[in-house]
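# Remarks on the overall topology
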Amino acid sequence: MSEPPFPTPRTRTHCPYCALQCGTLLHGDRETGVRVRPADFPVNRGKLCQKGWTAPDVLTAADRLTRPLSRGPDGRLTGTSWDTALDTVAERIRALRARHGPDTVAVFGGGGLTNEKAYLLGKFARLALGTSQIDYNGRFCMSSAATAGNEAFGVDRGLPFPVADLRDARTVLLAGANVAETMPPLLQHLDRAELIVIDPRRTATAHRATLHLQPVPGTDLALALGLLHIAVVDGLLDQDYIRRRTHGFEEAARRAMAWWPERVESVTGVPARDQRAAVRLLARPRNAYVLTGRGVEQHSQGTDTAAGFINLALALGLPGSGRGGYGCLTGQGNGQGGREHGQKADQLPGYRSLTDPAARAHVAGVWGVAPDDLPGPGRSAYELLDALGADHGPRALLVFGSNPAVSAPHAAHVTERLASLELLVVADFVPSETARMADVVLPVTQWAEEEGTLTSLEGRVLRRRAVIPPPAQARSDLRVLRDLAVRLGQPPDRYPSDPREVFEELRAASRGGRADYSGITYERLDAGECLHWPCPDTEERHPGTPRLFLDRFAHPDGKARFAAVDHRGPAEDISSAYPLHGTTGRVLAHYQSGAQTRRVAELSAAVPEPFIEVHPDTAARSGVVDRGLARVTSPRGSMTARVRLDPTMRPDTLFAPFHFPGDGRANLFTHPALDPRSGMPGFKVSAVRLEPVSEG
Ligand code: SF4
């Protein structure tokens, strides 16, 4: 039976989930429901994944937050008015600040917030609250690759080329990226390429690969060093490119010389012949790409690991060559824009540094304040969560668009810290696990109910459009921030609540910054122009920059930097008490902490509960059985879930998805050791043990 025709008028917008930002057409209203179809948009070319097809169901979630909630003396959350909720929050913030100073109030943002929300949240924190304590969940996502990209190229844009360029690739190395589950429509751009997949698991992506390298979790940098070693020894370098376009090759190569194939095999478990085959595939003439994902980035040496793969790409002459490149496959819906507009602990809008006097002066000028009115850098995301309620730590936290009770590492500890707060305020559209802990819950709009912009993983700025009005009492986060700021004594015109007005201010604040949006307008986007930043505001309309680095890298001398890196192993190694490597990741049906996708019947039916994936031999040794209940324990805590046997797993490794709440939180066992340069926690490898749980 053919599908009924999709009615007109249709609204062009984008999927609410991942950073691929697939184009969609929406039709409908609140009474009859919203229907979705894929748009013919360059990244998804008429396809959506299961999450995209079912996204309208989140709009009608049975427990959609439709009115503010406040925790009463009996400890229960009950409905209240907006005025009462906001008055309560403002009054308690004022009291806490009077007693403990401005840094006693912290803000935690999200990589799914629109550009306008991320921008206004940073401004609100620094001006209305006067706090330095703001960071966001993107710190947990790609911060290490962003740091490595900034150091290597002078600027971090996840993909410095359009996704569609991948169609010309002959070889693509996917290091720690399971795109078949996280971004399925991306696969159509890779179907002509030979894939090399680096992943401890034989994922759906690895199944499609020409070559699957299956390292011990936490040894990816040793493997990257080994691949560079082979390129050097086998004479596969692009010497001319290295000489003309880079600095620092000699030291990077010197370190890689200590990682000969047999040594790499002994550390990573990847056979030397497979290492050599991978380098030969990558070094063939014609296009090759090196793409990293969370699997190699979410480590306490994540920046060095991403840099190790960038070194390999530079040695082969790929970035900015027009015939290949390096990119980070940013994950969250606005993971790219979310890190550019000032909700990071160390940044101002325009992807500017908070410690750069010129940047402070520029942004302060746009905001109408003195540079000294801007606080300095604050704590990174986990450090901030870890400090909540502690001596000299924040006593209040405002959360926008995040669910750290599920998504943060060492989740039991983070939950304790959240519980210790004197004031927890959560703005969300569903009662996430973090919202359920809050003193005040503020119901906000979601994707198809609001206007705004997002920036996709390829640096393209996209319009989000409303197709239905929000529930009567739900408000835009922008209005919530304005109304709170006014109650805290700020002038109302400093906090526009119209997204177009906020974007106009964002353009001015970003002017001249690394992520320059000043030439982008709603009018140009609405006219269908394809605009990738940087897009400066020039007299002749700037066409945007789909491809970066073709002539020069963004460092002052135009050259890229090799990084002098060395493998040092994960923060925690296996032992007799904890004999397995525990790793975590995503499944096709769910997104991030699952707060949205667990509320969609089709997605919940596809993967209704957490699971622990192990090799049958590992299960037998541990006394657990297929579909039996088991416990994974690390030195930090335990998660409980049913076992799935998978003979393709490494026998020394188990895997659990991190989308689930309660005792099934994989983050109960993950490690919070931080990468010293990016603040990325070591999510991807923990020492664990596996044991059966009696169901009697
Ligand atoms: Fe949405 Fe990402 Fe799926 Fe595309 S790949 S439909 S953006 S979740």
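Treat the numbers as computed from the prediction; the structure is a model and nothing was measured. Every chain's residues receive numbers from 1 upward, in the order its sequence appears when written. For a predicted model such as this one, the threshold for reporting local features is a pLDDT of at least 70, and the threshold for listing and counting side-chain atom pairs is 80 or more; totals across whole chains, interfaces and linings nevertheless cover every residue.

## Structural notes on the overall build of the protein chain
Threshold: Secondary structure elements follow DSSP: runs of H or I no shorter than four residues count as helices, runs of E no shorter than two count as strands, and numbering proceeds from the N terminus. Each radius of gyration is computed over the set of C-alpha atoms, and the globule rule expresses the reference value as 2.2 Å times the number of residues to the power 0.38. Any residue with 12 or fewer other C-beta atoms within 10 Å of its own C-beta is exposed, any with 20 or more is buried, and the rest are partly exposed; the C-beta atoms used are placed from the backbone. Once C-beta atoms are placed from the backbone, any two residues with those atoms within 7 Å are in contact.
Along the backbone of the protein chain there are 23 helices and 27 strands. In terms of overall size, the protein chain behaves like a compact globule, its C-alpha atoms giving a radius of gyration of 24 Å where 696 residues would be expected to give roughly 26 Å. When the backbone C-alpha atoms are referred to their principal axes, the protein chain occupies close to 75 × 70 × 65 Å. A burial count over the protein chain gives 60% of its 696 residues as buried. Relative to all contacts within the protein chain whose residues are 6 or more apart in sequence, the contacts with residues 24 or more apart total 71%.

## Some remarks on the site of the ligand
Convention followed: Each residue receives a C-beta atom placed from its backbone. It is near a molecule or strand if this atom lies within 6 Å of it. Amino acid classes used here: Ala, Val, Leu, Ile, Met, Phe, Trp, Tyr, Cys and Pro are nonpolar; Asp, Glu, Lys and Arg are charged; the rest, including Gly, are polar.
Taken together, 14 residues lie near the ligand, and Cys15, Cys18, Cys22, Cys49 and Gly52 sit nearest. For the shell around the ligand, the residue count by class is 10 nonpolar, 3 polar and 1 charged.

## Quick word on unusual backbone geometry
Of note, the bond from threonine 8 into proline 9 is cis; its omega dihedral lies within 30 degrees of zero at 0°. Note the cis peptide between tryptophan 533 and proline 534, where omega equals 0°. Its place among the elements puts proline 534 in the loop between helix 21 (522-526) and strand 21 (560-561). Of note, the phi angle at glutamine 21 is positive, near 50°, even though the residue is not glycine. Looking at the element boundaries, glutamine 21 is found in the loop between strand 1 (11-14) and strand 2 (23-29). In this structure glutamine 21 comes out as buried when scored by C-beta crowding, with 27 C-beta atoms within 10 Å. Notably, arginine 627 is not glycine yet its phi reads approximately 70°, a positive angle. Topologically, arginine 627 is positioned in the loop between helix 23 (616-622) and strand 24 (629-634).

## Description of the sheet that holds strand 13 (residues 324-328)
Going by this rule: Pairing between two strands requires that DSSP report at least two bridges joining them. The convention used is that axes are lines fitted to C-alpha atoms, helices contributing only their stretch in contact, and that angles between N-to-C directions extend from 0 to 180 degrees.
The 5 strands lie next to each other as 10-9-8-12-13, forming an open sheet whose pairing is parallel. Two strands lie at the open edges of the sheet, namely strand 10 (211-213) and strand 13, each paired on one side alone. Within the sheet, the average angular offset between the axes of one strand and its neighbour, ignoring direction, is 10°. Alignment of strand 8 (residues 171-175) against strand 9 (residues 194-198), held across 5 bridges, turns out to be parallel. Looking across to strand 9, one finds that alanine 175 is bridged to isoleucine 198. Across the sheet, helix 12 (residues 272-283) touches strand 8, strand 9, strand 10 and strand 12 (288-292), and the angle it forms with strand 10 is around 130°.

## A look at the UniProt feature "domain: 4Fe-4S Mo/W bis-MGD-type" (unreviewed entry) in the protein chain
Our working definition: UniProt positions are given in the numbering used here, feature names are shortened, and annotations may be inferred rather than shown by experiment.
On the UniProt side, "domain: 4Fe-4S Mo/W bis-MGD-type" (unreviewed entry) is annotated at positions that read residues 8-63 here. Measuring from the first to the last C-alpha atom of residues 8-63 gives 30 Å, for a span that is 16% helix and 30% strand.

## Details of the sheet that holds strand 17 (residues 423-428)
By definition, the strands of a sheet pair up through backbone hydrogen bonds, in either a parallel or an antiparallel sense. The strand order across the open sheet built from 7 strands is 5-4-18-17-16-6-7, with neighbouring strands paired in mixed fashion. Of all the strands in the sheet, the pair left with one neighbour each is strand 5 (77-79) and strand 7 (134-136). In this sheet, neighbouring strand axes are inclined to one another by 20° on average, regardless of whether the strands run parallel or antiparallel. Where strand 6 (residues 105-109) lies against strand 16 (residues 396-400), 4 bridges are found, and the strand directions are parallel. Within strand 16, the residue paired with valine 107 across the bridge is leucine 398. Set on the sheet, helix 4 (residues 115-129) makes contact with strand 6, strand 7 and strand 16; between it and strand 6 the angle comes to about 175°.

## A closer look at the pairing of strand 18 (residues 440-443)
Neither face of strand 18 is left uncovered, since the one carrying Val440 and Leu442 and the one carrying Val441 and Pro443 both have all their residues buried. In terms of strand pairing, strand 4 (residues 69-71) meets strand 18 through 2 bridges, oriented antiparallel. Among the inter-strand pairings, leucine 69 is bridged to a residue of strand 18, identified as valine 441. Direction of pairing for strand 17 relative to strand 18: parallel, over a ladder of 4 bridges.

## Observations concerning the domain arrangement of the protein chain
The line we're drawing: Residue ranges for the domains trace back to a domain assignment, done automatically or taken from a database.
According to the domain assignment, the protein chain contains domain 1 (87-140 + 334-526), domain 2 (162-329) and domain 3 (580-692). On a C-alpha basis, the centres of domain 1 and domain 3 stand 30 Å from each other. Listed as interface residues are 17 residues of domain 1 and, on the opposing side, 19 residues of domain 3. With 3 residues, the single largest contributor to the side of domain 1 that touches domain 3 is helix 16 (residues 381-387). Looking at the side of domain 1 that touches domain 3 residue by residue, the classes come out as 9 nonpolar, 5 polar and 3 charged.

## Considering the packing of helix 8 (residues 220-233) against helix 12
For the record, the criterion: Between 65 and 115 degrees an angle is taken as roughly perpendicular, under 35 as roughly parallel, over 145 as roughly antiparallel, and anywhere else as oblique. Helix crossings fall into two classes, left-handed where the near helix is turned counterclockwise from the far one by less than a right angle and right-handed where it is turned clockwise.
It is at 9 Å that the axes of helix 8 and helix 12 come closest, and there the two elements cross at 65°. It follows from the interaxial angle that helix 8 and helix 12 lie roughly perpendicular. Along this stretch, helix 8 crosses helix 12, giving a crossing that reads as right-handed. Counted together, Gly226, Leu227, Ile230 and Ala231 of helix 8 and Gln275, Arg276, Ala278, Val279 and Ala283 of helix 12 form the full contact between these two elements. A breakdown of the residues in the contact of helix 8 with helix 12 according to their chemical character gives 6 nonpolar, 2 polar and 1 charged.

## What to know about the packing of helix 4 against helix 20 (residues 499-510)
The N-to-C vectors of helix 4 and helix 20 enclose an angle of 65°; their axes lie 9 Å apart at closest approach. Classed by the angle they form, the pair helix 4 and helix 20 counts as roughly perpendicular. You can see that helix 4 and helix 20 cross each other, and the crossing is left-handed. Of the residues in helix 20, those touching helix 4 at Asn115, Glu116, Tyr119 and Leu120 are Pro499, Val502, Phe503 and Leu506. Of the residues belonging to the contact of helix 4 with helix 20, the class tally is 6 nonpolar, 1 polar and 1 charged.

## Here's the deal with the nonpolar core
Selection rule: Remark: nonpolar core denotes a set of buried Ala, Val, Leu, Ile, Met, Phe, Trp, Tyr and Cys residues whose joining runs through C-beta atoms within 7 Å.
Among the nonpolar cores identified, the biggest contains 209 residues, and Phe124, Val172, Val290, Leu312 and Val425 are the most heavily contacted of them. Dropping the residues within four chain positions of it, phenylalanine 124 is found in contact with Leu129, Leu481, Ala485 and Tyr495.

## Thoughts on helix 12
The following threshold applies: To estimate the expected span of a helix, subtract one from its residue number and multiply by 1.5 Å. Within this analysis, the arc is defined by the directions that extend from the helix axis to the C-beta atoms.
Between its first and last C-alpha atoms helix 12 spans 17 Å; for 12 residues at 1.5 Å apiece the expected length is 16 Å, and the two agree. Turning to helix 12, its buried residues are Gln275, Ala278, Val279, Leu282 and Ala283. Viewed along the axis of helix 12, the buried residues span an arc of 120°, placing them on a single side of the element.

## Describing helix 14 (residues 302-315)
Helix length check: helix 14 (14 residues) gives 20 Å between terminal C-alpha atoms against 20 Å at 1.5 Å per residue, within 8%. Once helix 14 finishes, glycine 317 follows within two positions and takes phi at roughly 75°, a positive value.

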